[in-house]
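# Structural description and commentary
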Amino acid sequence: MTFAVEKKAGRPESSTTISSDDIPTSTANNTQRDQEGNAIDLMAERPDQGSNMAAFFNIVCVVAGTGTLGLPYSLAKGGWIGVGILVMSMIMSIYTGILIIKCIYYNGHTRLASYQEIGKHAFGRIGLIAVWFFHTSIVLGAPIMYFILSGTEIRDLTKAHVDIPEKAWIWICCGVVSIPFVLMKSLKEVSLLSIFGVLATAVLVGVTMVESGLDYKNHKDTVQYDAVILRNLPIAVATISVCFGGNVVYMHVEESMRFPRSWNKVLVWAMIACCLMYAMVAVPGYLTYGITSQSPILGSLPEGPSSKVATIMIVAHVLLAAPVLMTSFALEVERVFDISIEKHGAIKERLYRTLTRLIIMGAVGGIACLVPFFDSFLSLLGALGNCMLIFVLPICFYWRLIGWRHMPWYELAWCGIILIIGLLACVIGSIDAIKALNHDFKYGRPP
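Residues numbered from 1 in each chain as written. Predicted model: local features only at pLDDT ≥ 70, side-chain atom pairs only at ≥ 80, totals over all residues. Heavy atoms only, no water.

## Overview of the nonpolar core
Cut-off, in case you're wondering: Residues enter a nonpolar core if they are buried and are Ala, Val, Leu, Ile, Met, Phe, Trp, Tyr or Cys, with the set joined through side-chain atoms within 4.5 Å. Here the term buried applies to any residue with accessible area under 20% of the maximum for its type, exposed to any over 50%, and partly exposed to those in between, with areas from a 1.4 Å probe on protein chains only. The contact rule is simple, with two residues in contact once any of their heavy atoms fall within 4.5 Å.
Core analysis: the largest hydrophobic core is formed by 124 residues, its most contacted members being Ile-59, Phe-147, Phe-244 and Tyr-250. When near neighbours in sequence (up to four residues on either side) are disregarded, Phe-244 contacts Val-63, Leu-86, Ser-89, Met-90, Ser-93, Tyr-250, Met-271, Cys-274, Cys-275, Tyr-278 and Ile-390. Judged by nonpolar contacts, the second largest core, of five residues, contains Ala-238, Cys-387, Ala-425 and Cys-426.

Have a look at this one:
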């Protein structure tokens with residue numbers, strides 16, 4: 001797949017093309033000059049950084065998560081058309097992921113370091129604050145949810161053998177994750193955990209696919225399907241379209257790549273891998289259980305050892321994915337406070353970095369244990385943040401920084417479709433989250 005994005009750069013014939021194989025390489029966009037006037041390629045090989053495969057695993061580990069198990073339910077809401085929506089969402093996410101990385105090289109002089117800097121360069125202080133808010137809600141909110149989920153699942157798995165409360169398990173999980181979080185400085189090192197996170201997800205997908213396939217014979221005479229349910233189509237679009245949200249870490253993943261020109265190729269293959277895993281759960285799950293599919297699909301599967309294996313894989317995945325997101329946030333904090341070897345020296349830099357990350361972990365664990373109904377509140381922030389960061393802001397920033405007049409009409413139409421779907425998902429997801437929050441505060445939850 002190739003997306004052509006041309007930019008006029010001083011000379012009438014100068015243009016840049018975004019494709020699935022190479023990020024633009026024009027002198028106007030990717031080079032700067034040193035003091036002697038020699039050209040410096042901003043996207044030259046970075047010998048100290050990680051491989052394309054490491055970047056691939058970082059992306060897949062963050063994107064393909066526990067939401068995988070909710071896709072059969074999304075098909076139950078919208079019908080088989082949801083499979084098409086899934087593929088379209090993948091294509092939209094690839095496109096916006098390419099645009100957002102294009103933005104960090106927009107001025108041809110420096111590489112912007114983060115999503116926040118893109119927002120600042122595009123819309124000033126307002127853009128900076130908006131991106132910081134949405135970005136932080138995802139890169140910290142998701143790990144908080146991961147720890148809540150881990151504590152709950154471990155408690156359920158072990159309550160017959162040990163009497164350890166859920167909050168204690170949350171703190172234990174925080175302690176375990178803090179080890180790689182503190183010791184591994186960048187996403188280059190964290191990529192090792194991502195490999196195991198992807199393997200855990202693959203096992204989870206395999207168990208779910210096999211179990212639902214084996215259970216098909218028990219439901220084939222009674223199962224019901226729909227090709228499309230028009231009244232639920234907006235909800236299906238909203239829930240499925242955010243399954244490819246990894247934009248919050250893309251800048252740091254690209255920064256950790258030895259060959260940054262391979263970004264588009266790595267992103268395409270990572271998204272395809274995620275889409276295949278999603279389909280391997282969604283299609284067999286909906287095929288077997290139809291309109292009765294539950295979210296997560298584990299609720300529909302027969303109870304037994306396989307369901308426990310799936311639960312263990314969920315816990316493994318979220319604990320391995322949490323350091324990737326938290327490291328992305330920590331790198332931003334360390335950049336803001338200039339916690340670097342150049343300024344403080346190796347020993348003080350390690351000390352300040354360790355203290356900073358322990359404080360972050362303590363805040364995450366405290367919120368996970370103490371804030372009531374945080375998961376419902378985070379669903380609201382996630383509906384806003386994910387949709388804005390994945391679909392809306394990349395296009396707005398690209399148009400602001402690079403322009404839209406050079407785009408052909410069909411690409412502008414494609415951008416319009418993405419904006420509409422992103423805003424639709426934002427509104428519908430926010431309404432559902434507000435309803436859940438209202439219910440929680442009115443009636444509480446069972447212990």
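## Some thoughts on the packing of helix H4 (residues 81-103) against helix H15 (residues 409-443)
The line we're drawing: Helix axes are fitted to C-alpha atoms over the stretch in contact, other axes to C-alpha atoms as well, and angles between N-to-C directions run from 0 to 180 degrees. Strands are runs of DSSP state E lasting at least two residues, helices are runs of H or I lasting at least four, and both sets are numbered from the N terminus onward. Each angle is binned into one of four classes, with values under 35 degrees roughly parallel, values over 145 roughly antiparallel, values of 65 to 115 roughly perpendicular, and all other values oblique. With the far helix as reference, a near helix turned anticlockwise by less than a right angle produces a left-handed crossing, and one turned clockwise produces a right-handed crossing. Just so you know the grouping, Ala, Val, Leu, Ile, Met, Phe, Trp, Tyr, Cys and Pro go in nonpolar, Asp, Glu, Lys and Arg go in charged, and all remaining residues, Gly too, go in polar.
Viewed as axis vectors pointing N to C, H4 and H15 meet at an angle of 110 degrees, and their least axial separation amounts to 11 Å. Judged on the interaxial angle alone, H15 and H4 are roughly perpendicular. Handedness of the H4/H15 crossing: left-handed. Contacts from Met-88, Ile-91, Met-92, Tyr-95 and Thr-96 in H4 reach Glu-411, Trp-414, Cys-415, Ile-418 and Ile-421 in H15. Taken together, the residues of the contact of H4 with H15 break down into eight nonpolar, one polar and one charged.

## Some thoughts on helix H7 (residues 166-183)
The cut-off we apply is this: Under the convention used throughout, the expected extent of a helix is 1.5 Å for every residue step, that is, one less than its residue count. Bend is the name given here to the angle between axes fitted to two runs of seven residues, the run ending at a residue and the run starting at it.
Between its terminal C-alpha atoms H7 stretches 26 Å, which fits the 26 Å expected from 18 residues at 1.5 Å a residue. Maximum bend of H7: about 30 degrees, positioned at Val-177, with proline Pro-180 one to four residues after it. Turning to H7, its buried residues are Trp-169, Ile-170, Cys-173, Cys-174, Val-177, Ser-178, Pro-180, Phe-181 and Val-182. Considering only its buried residues, H7 is in contact with helix H6 (141-158), helix H8 (187-214), helix H12 (305-336) and helix H13 (341-370).

## Here's the deal with the packing of H6 against H13
Between H6 and H13, the shortest axis-to-axis distance is 9 Å and the interhelical angle comes to 55 degrees. By the angle between their axes, H6 is oblique relative to H13. For the pair H6 and H13, the crossing hand works out as right-handed. Residues Ile-144, Phe-147 and Ile-148 of H6 pack against Met-361, Val-364, Ile-367 and Ala-368 of H13. Of the residues belonging to the contact of H6 with H13, the class tally is seven nonpolar, no polar and no charged.

## Some thoughts on the environment of Ser-340
Relative to the elements of secondary structure, Ser-340 occurs in the loop between H12 and H13. Through-space distance from the C-alpha of Ser-340 to that of Arg-350 is 8.6 Å; in sequence the pair is 10 residues apart. Those residues in contact with Ser-340 that sit more than four places away from it in its chain are Gly-345 and Glu-349.

## Examining the packing of aromatic side chains
The criterion, for reference: Here a pair means two rings of Phe, Tyr or Trp (six-membered ring of Trp) with centres within 6.5 Å. Their orientation is stacked below 30 degrees between planes, edge-to-face above 60, and tilted elsewhere. Counting as a charge over the ring demands two things of the Lys NZ or Arg CZ atom: a distance within 6 Å of the ring centre and an angle within 35 degrees of the ring normal.
For the structure shown, the criterion picks out 11 aromatic pairs. Centre to centre, the rings of Trp-80 and Tyr-225 are 5.8 Å apart; their planes meet at 45 degrees, and the pair counts as tilted. One end of the pair, Trp-80, is in the loop between helix H3 (71-78) and H4; the other, Tyr-225, is in the loop between H8 and helix H9 (233-241), with 145 residues separating them in the sequence. For Tyr-225, a relative accessible area of 30% gives the class partly exposed. Judged by centre distance (5.3 Å) and plane angle (75 degrees), the ring pair of Phe-244 and Tyr-278 falls under edge-to-face. Of this pair, Phe-244 sits in the loop between H9 and helix H10 (247-255) while Tyr-278 sits in helix H11 (residues 263-289), and the two are 34 residues apart along the sequence. Both residues of the pair, Phe-244 and Tyr-278, count as buried. A connected cluster of aromatic rings, assembled from ring pairs, spans Trp-80, Tyr-225 and Tyr-286. Here Arg-357 stacks its cationic end above the ring of Phe-181, 5.3 Å away from the centre of that ring.

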